[in-house]
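Chain and residue survey
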Amino acid sequence: MLCSMLKSNILTLVSKFKEMKMKLFIAAIFIGTLVSCNNAADDKGNETDTTKMEMDHDGMDHSPTTGGVPAIPEIPEGAKVVFANLKDNATISSPFELQMGVEGMRIDTAGPVVAGSGHHHLIIDGADYLEKGSIVPKDSTNIHFGKGQTEYELILSPGKHKLTLQLADGLHRSYGEQLSASIMVNVK
Ligand SMILES: [Cu+2]
């Protein structure tokens, strides 16, 4: 009798113990899940941070060139463009073999942006110069010499015309007033 009571008490204890163990086990799983969830969240967070850092780093690499385009090069001091065989108010016949000169700069082809070099543009009856950094238009009165030409067979109608030389970089971006020259011509 005592034995069976004891046995039943023990069984109850055991079952309670088992229950406790089960609860502990569930609690352990629960805690474990929470921890792993947190870890996963942290990992995710770290990954996001890493990506952000890489993006920032990438952005920094490209920032000096503003979106992959190199900045317009500095103009050497004293550099200028000249009408090599024409003076202001000269009287010429058409066609006229125009010679375009430059001092303190090299003439290059259009394409690469190289410091200290550029190509000529002839603007007929236009502005005295194009704002530094602005792209030279391309039409019948804005002529590009992107192959590095320094001579041009100029054909003009009789009368007064304004001729402007404008040097620009490899991307046709004007070097501005310093590398421009304007004259008037009288065409017979
Ligand atoms: Cu050009």
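Residues numbered from 1 in each chain as written. Predicted model: local features only at pLDDT ≥ 70, side-chain atom pairs only at ≥ 80, totals over all residues.

Digging into the confidence of the model for the chain
Confidence in the prediction of the chain, expressed as mean pLDDT, is 78, and 65% of residues score 70 or more. Below pLDDT 50 for its whole length, residues 8–18 participates in 0 contacts with residues either more than four positions away or in separate chains. Every residue in residues 20–64 scores below 50 in pLDDT, and together they form 2 contacts with partners more than four places removed in sequence or on other chains. (pLDDT = per-residue confidence, 0-100. Contact = placed C-beta atoms within 7 Å.)

Details of unusual backbone geometry
Cis geometry marks the peptide bond from Ser-94 to Pro-95, where omega comes out at 0°. Tracing the chain through its elements places Pro-95 in the loop between β2 (90–92) and β3 (96–103). We note that Asn-89 has phi near 65°; this positive angle belongs to a residue other than glycine. Within the secondary structure, Asn-89 sits in the loop between β1 (80–83) and β2. You can call Asn-89 exposed: it has 10 C-beta atoms within 10 Å. (Helix = DSSP H or I, 4+ residues; strand = E, 2+ residues; numbered from the N terminus. Buried ≥ 20, exposed ≤ 12 C-beta atoms within 10 Å, placed from the backbone.)

Describing the sheet that holds β1
Two orientations exist for strands paired in a sheet by backbone hydrogen bonds: parallel and antiparallel. Taken in spatial order, the 3 strands of this open sheet run β1-β3-β8, and their pairing is antiparallel. Whereas interior strands pair on both sides, the edge strands pair on one side only; in this sheet they are β1 and β8 (151–154). Along the sheet, successive strands turn relative to each other by an average axial angle of 25°, direction set aside. The pairing of β3 with β8 spans 4 bridges and is antiparallel. What sits directly across from Phe-96, in β8, is Leu-154. (Pairing = 2+ DSSP bridges. Axes fitted to C-alpha atoms, helices over the stretch in contact; angles between N-to-C directions.)

Here's the deal with the sheet that holds strand β10 (residues 180–187)
The strand order across the open sheet formed by 5 strands is β2-β10-β9-β6-β7, and the pairing between neighbours is mixed. Each edge of the open sheet is held by one strand with a lone partner, namely β2 and β7 (142–144). On average, each strand axis in the sheet is inclined to that of its neighbour by 30°, with strand direction left out of account.

Focus: the environment of Gln-178
Inspection of the secondary structure puts Gln-178 in the loop between β9 (159–166) and β10. Residue class for Gln-178 comes out partly exposed when judged on the 16 C-beta atoms lying within 10 Å of it. Placed 98 residues apart in sequence, Gln-178 and Lys-80 show a C-alpha to C-alpha distance of 6.4 Å. Dropping the residues within four chain positions of it, Gln-178 is found in contact with Ile-75 and Ala-79.

Re the pairing of β9
Where strand β6 (residues 121–124) lies against β9, 3 bridges are found, and the strand directions are antiparallel. Pairing of Leu-122 across the sheet is with Leu-165, part of β9. As judged from the 8 bridges shared by β9 and β10, these two strands associate in the antiparallel manner. Looking across to β10, one finds that Gly-159 is bridged to Val-187.

What to know about the environment of His-121
By the element assignment, His-121 lies in strand β6. Note on His-121: 25 C-beta atoms within 10 Å, which makes it buried. When the C-alpha positions of His-121 and Pro-137 are compared, they lie 9.7 Å apart, and in sequence the two are 16 residues distant.

Looking at the environment of Leu-130
Looking at the element boundaries, Leu-130 is found in the loop between β6 and β7. Put simply, Leu-130 and Gly-176 are 46 residues apart on the chain and 5.5 Å apart in space, counted from C-alpha to C-alpha. Leu-130 has contacts with Val-136, Gln-166 and Ser-174, leaving out every residue within four places of it along the chain.

Some details on the nonpolar core
Generally speaking, a soluble globular protein has its nonpolar side chains buried in company with each other. Judged by nonpolar contacts, the single largest core of 16 residues is most densely connected at Val-81, Leu-165, Leu-167, Tyr-175 and Leu-179. Looking at this core, the elements that each hand over two or more residues are β1, β3, β9 and β10. The leading source of residues in this core is β3, at 3 residues. Not counting chain neighbours up to four residues away, the residues in contact with Leu-165 comprise Val-81, Phe-83, Met-100, His-120, Leu-122, Ser-180 and Ala-181. (Core = buried A, V, L, I, M, F, W, Y, C linked by C-beta atoms within 7 Å.)

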